[in-house]
Every structure is written in structure tokens, then in C-alpha cells.
Amino acid sequence: METVFAQLSEDAKDFWAPRSVARIPPPSPLVFYRDYVSKNIPVIITGGIDHWPAMRKWTDDYLLQTIGNKTVTVDVTPSGYGDAVLALDATTKVFVQPEERDVTFREFHTLYHDAAFDGIPYLSHQNDSLRDQFPQLVGDVDAAIGFAAEAFGNTPEAVNLWIGDERAVSTMHKDHYENMYCVVRGRKHFTLLPPSDVAFLHETTYPTTRYVHESRTARFDAAALRPSTHPSWFVHVPVEAAESTPWIPVDPLNVDAAQFPNAKHIAPLEVVLEAGEMLYLPSLWYHRATQLCDTVAVNYWHDMEFDAKYVYFNFVHGVATAAKELRLKTHSLSCLAPARVHQAVAAARGPAPRTPPVPAESLLGAVRSASAVEPAWNTTPPAPTRILKHQLLCRSLPPSAAAQALAPSQTPLCLRKGEAPKATKASLLALRRQVEMRLAQDRNEERREANEWWWPPA
Ligand SMILES: O=C(O)CCC(=O)C(=O)O
């Protein structure tokens with residue numbers, strides 16, 4: 001299997017993914033679409049945001065004066081690595097999110113410059129943070145990058161503000177967004193890998209946890225707090241309704257070859273984005289990001305097109321996951337940690353006794369009502385394909401009682417990347433799979449042809 005993935009990676013390098021990221025002046029929408037978006041290739045655009053008032057205005061003094069008293073959400077971590085895989089002990093790894101603190105921008109500024117502060121603050125809230133938390137600054141940047149919005153065929157779904165320095169790192173991950181990332185001040189460093197490298201990144205699903213500083217533990221159940229490797233920081237591991245997050249444990253800049261042998265095939269692209277430049281970071285590309293100094297940036301996330309690349313990526317992702325599971329199953333039991341032995345024994349025993357099948361009709365009903373409810377992210381009713389797309393990506397769970405009853409442990413909503421969307425996606429896909437299985441069992445061709453049930457009723 002490894003040779004097949006290695007061949008895919010070679011082919012990607014030979015025929016598609018560039019060996020370096022080009023710099024171009026602002027293109028026309030047509031050229032941008034033809035040469036980059038449709039090919040899913042990153043590019044840096046120079047001179048595209050020189051006209052932004054932000055380029056002149058966004059000094060510390062101006063920001064303090066304009067938004068100093070505004071409440072902002074700051075991500076704080078002991079190590080600078082928020083949204084990252086963390087080893088709690090020799091056998092337990094978790095996906096850890098940063099502690100979120102609501103403070104005034106002035107307080108953030110003080111913490112950020114305070115060498116004695118016990119933590120690394122990064123203003124990286126996402127969730128449309130520029131438009132949502134900083135309306136006073138919105139007029140200082142363009143509402144969208146014109147040529148890009150036209151090429152993508154939509155307006156930005158989120159516009160985010162990022163303020164941090166070289167201490168903060170966003171670890172390797174991918175997004176279902178087309179991303180236009182603009183540096184206003186400072187320098188940003190990106191490490192990029194094409195989606196075709198998915199099999200080399202050892203994606204694994206980890207329990208979802210969050211950092212908690214010792215000064216803020218009072219609101220948590222002590223039994224759910226685990227010590228972290230930083231003496232004054234804990235990790236909150238929820239006991240009930242635990243969620244899990246698939247994430248990449250490989251750091252492309254510091255590969256642990258013993259733990260992650262497949263990562264030897266990666267050849268990351270490294271990009272330094274200077275002030276005034278913007279990176280087109282194509283959807284599904286894996287990326288790690290940090291700052292090389294004090295940096296202020298704004299990015300625009302646009303819905304991606306769910307076309308052939310999405311379908312092929314899902315297939316390769318699925319094959320990579322299956323190959324990993326197969327490798328685990330065939331691995332000698334004596335080499336496995338106790339939990340794995342447990343899993344392997346359970347797998348060897350085969351599936352649990354069948355429970356009576358849920359009638360296809362009630363599953364169909366659940367899916368229909370899940371599809372029919374308009375999601376809450378937009379006041380304009382989205383077109384049916386948009387609903388389907390969002391359900392598949394699960395940025396918002398249709399608040400259908402039926403869907404929730406079938407997936408009781410999953411929490412609705414979440415704009416934040418890497419959180420509940422995955423869980424919701426899993427629940428909808430699981431529903432769909434169950435329905436498809438029942439339909440196949442029934443061999444009811446008529447019902448099969450009426451496959452539109454997956455689409456919301458007109
Ligand atoms: O700037 C960062 O720290 C992360 C950016 C990122 O992951 C994104 O825009 O998708």
C-alpha cells in the first residue's frame with residue numbers, strides 16, 4: 001500500500017503540485033480561476049492590498065485607541081501550540097484546544113507584551129472574528145478580495161483577524177475552505193502539503209480536550225483535570241459526552257520518523273508571506289502556520305466547490321484510513337499497547353450480535369427531517385445543494401429532533417474548525433449509510449431510484 005501512496009505523491013509532484021509557490025501581481029478573476037483555483041494550486045499575490053487603509057492605520061496605538069475597550073476572545077496555551085496533539089502520558093494522546101479568555105483588547109495587548117505572563121496569547125478566534133468582534137476595523141480592509149470572490153463565485157463565509165508572534169503555532173490541518181490569507185503587518189510562515197499526501201500524515205482521532213490554567217480550575221470538576229507537561233497548566237478531559245477530533249500528529253518541520261514512518265515521503269512547501277502579500281491557500285491543502293515576528297493578518301474563508309477534487313480526496317482519505325486500520329490489525333499483538341490489544345481482540349471476535357434493524361422508513365424520515373430544517377448560519381434560505389453540502393461538512397447540525405435522537409452524544413453547532421463538525425458529519429453519514437444498507441437489503445429498486453430523499457423536499 002505504501003508504494004501506491006508513494007506513487008501518488010510522485011505523480012502529484014510531477015503533474016500537479018508545484019515545487020515552490022509562485023508570486024504574481026493581482027490576476028483577473030479568469031486567470032486566477034484558470035491557473036490556480038481550478039487546479040487547486042497555491043500562489044502568492046503581491047501588491048493586492050496596498051490600498052487597504054489597514055496597511056497604514058493598524059499600528060498598536062491605533063488599535064488600542066479604536067478597539068482598546070472591546071472584549072475579544074484570546075486563545076492561550078502554555079506552549080504556543082493550540083489545536084494540537086498532546087501526549088498526556090506514555091500511552092494517552094489527546095487533541096488539545098487553547099484556553100479561551102474574554103478580555104479587553106487592551107488587556108490582551110498587555111499580556112502579549114508581558115514576558116512574565118504564564119502563557120502564550122494568540123488572537124486567533126476565527127468564527128468570522130473581524131466582522132463579529134471588531135466592526136470598527138472592518139472598513140479598513142476590503143469586504144472581499146474582488147478577483148478571488150468572483151473566481152470562487154461567492155462572498156466570504158468568514159473574515160478573521162489574527163494577531164500573534166513566533167511563539168504561537170497553528171499545527172498541521174486542512175480546511176474545507178478556499179482561503180485568501182493577507183498579512184497586514186509582520187511576516188507569516190506557512191508549511192504546505194497537497195491533499196494527496198494524506199496517507200503520510202498519520203491522521204488519528206483523539207479525545208477532544210482543552211487547556212486550563214491553574215488559576216482557572218475552580219469551575220471544573222477536579223476529576224476531569226489531568227496534569228499537562230507544563231506545571232501550572234492542566235488539561236480538561238471531559239468525562240461525559242466526550243467528543244473526538246481527527247487531527248494530524250505529524251509536525252512537518254520536526255518529523256518523528258520512528259513514530260510516523262510514512263512521513264518520510266513528505267516534501268513540504270515553505271512560504272514566507274511578507275506584509276502586503278496574500279496567499280491563496282487552496283481548499284483541502286494541509287497547512288501549518290506561525291509568525292516570524294509580531295504579526296497582524298486578516299484572512300477570508302470562502303466555501304469550496306464540492307467537485308471532483310473533493311470526491312477523489314475523500315476516496316484517498318478513506319483508503320489511507322483503511323490501510324492504517326489494516327496495518328493495526330495485522331500488527332503482532334505482542335507489540336501493541338493494552339488498549340490496542342483489547343481493540344484487536346474485539347475486532348478478531350467479529351461484529352457484535354445483530355440488533356433488529358431499524359426500519360428503513362423511520363431512517364428515511366429522520367434524514368428527510370434533518371434535511372428539511374434550514375440551518376442557522378444564514379438568514380437567506382440556502383439552495384438545496386448548499387444545505388446538502390453543509391450537512392456533509394456539518395458546520396451546522398440541522399436541529400432536528402430525529403437526527404439528534406439518532407446521534408444523542410453529538411453536540412449541534414460549531415463554526416470553530418476541528419470541533420463538532422466532524423462529529424456531525426459522522427452522524428449524518430452514518431445515517432445515510434444505514435439507510436442505504438436497508439434499501440439495498442430490501443432490493444426495492446423503486447425506492448432506490450427515489451434517491452432524492454437525501455435532498456431536501458422542494
Ligand atoms: O494563521 C494561523 O495561525 C492559522 C491559519 C489557518 O489555519 C487558516 O487560515 O486556515
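Residues numbered from 1 in each chain as written. Predicted model: local features only at pLDDT ≥ 70, side-chain atom pairs only at ≥ 80, totals over all residues.

A. Main features of the overall build of the protein. In terms of regular secondary structure, the protein is built from 15 helices and 20 strands. Taking all 458 residues of the protein together, 36% fall into the buried category. Across the protein, every contact between residues at least 6 apart in sequence was considered, and the portion connecting residues at least 24 apart equals 79%. (Helix = DSSP H or I, 4+ residues; strand = E, 2+ residues; numbered from the N terminus. Buried ≥ 20, exposed ≤ 12 C-beta atoms within 10 Å, placed from the backbone. Contact = placed C-beta atoms within 7 Å.)

B. Molecular detail of the environment of F95. Relative to the helices and strands, F95 resides in strand 6 (residues 93-97). The buried category is assigned to F95, around which 24 C-beta atoms lie within 10 Å. A sequence separation of 12 residues divides F95 from D83, and the C-alpha atoms of the two residues are 6.6 Å apart. Setting aside residues up to four positions removed in sequence, F95 forms contacts with V85, Y206, P207, T208, T209, T245 and W247.

C. Examining the pairing of strand 19 (residues 286-291) more closely. Here strand 19 lies mainly inside the structure; six of its six residues are buried. Burial along strand 19 is two-sided: the residues Y286, R288 and T290 and H287, A289 and Q291 are all buried. Relative to strand 19, strand 12 (residues 187-193) runs antiparallel, the two being bridged by six bridges. Pairing of L193 across the sheet is with Y286, part of strand 19. (Pairing = 2+ DSSP bridges.)

D. How the structure looks around the site of the ligand. Neighbouring residues of the ligand: S124, W162, S170, D175, N179, Y181, H287, A289 and N299. The set of elements that each furnish at least two residues to the shell around the ligand consists of strand 11 (177-185) and strand 19. Grouping the amino acids of the shell around the ligand by side-chain chemistry returns three nonpolar, five polar and one charged. (Near = placed C-beta within 6 Å. Nonpolar A, V, L, I, M, F, W, Y, C, P; charged D, E, K, R; others polar.)

E. Here's a closer look at the packing of helix 4 (residues 60-67) against helix 5 (residues 105-112). Viewed as axis vectors pointing N to C, helix 4 and helix 5 meet at an angle of 145°, and their least axial separation amounts to 9 Å. Between helix 4, through D60, L63, L64 and I67, and helix 5, the contact on the second element is made entirely by F105, R106 and H109. When the residues that make up the contact of helix 4 with helix 5 are grouped by side-chain class, the tally is four nonpolar, one polar and two charged. (Axes fitted to C-alpha atoms, helices over the stretch in contact; angles between N-to-C directions.)

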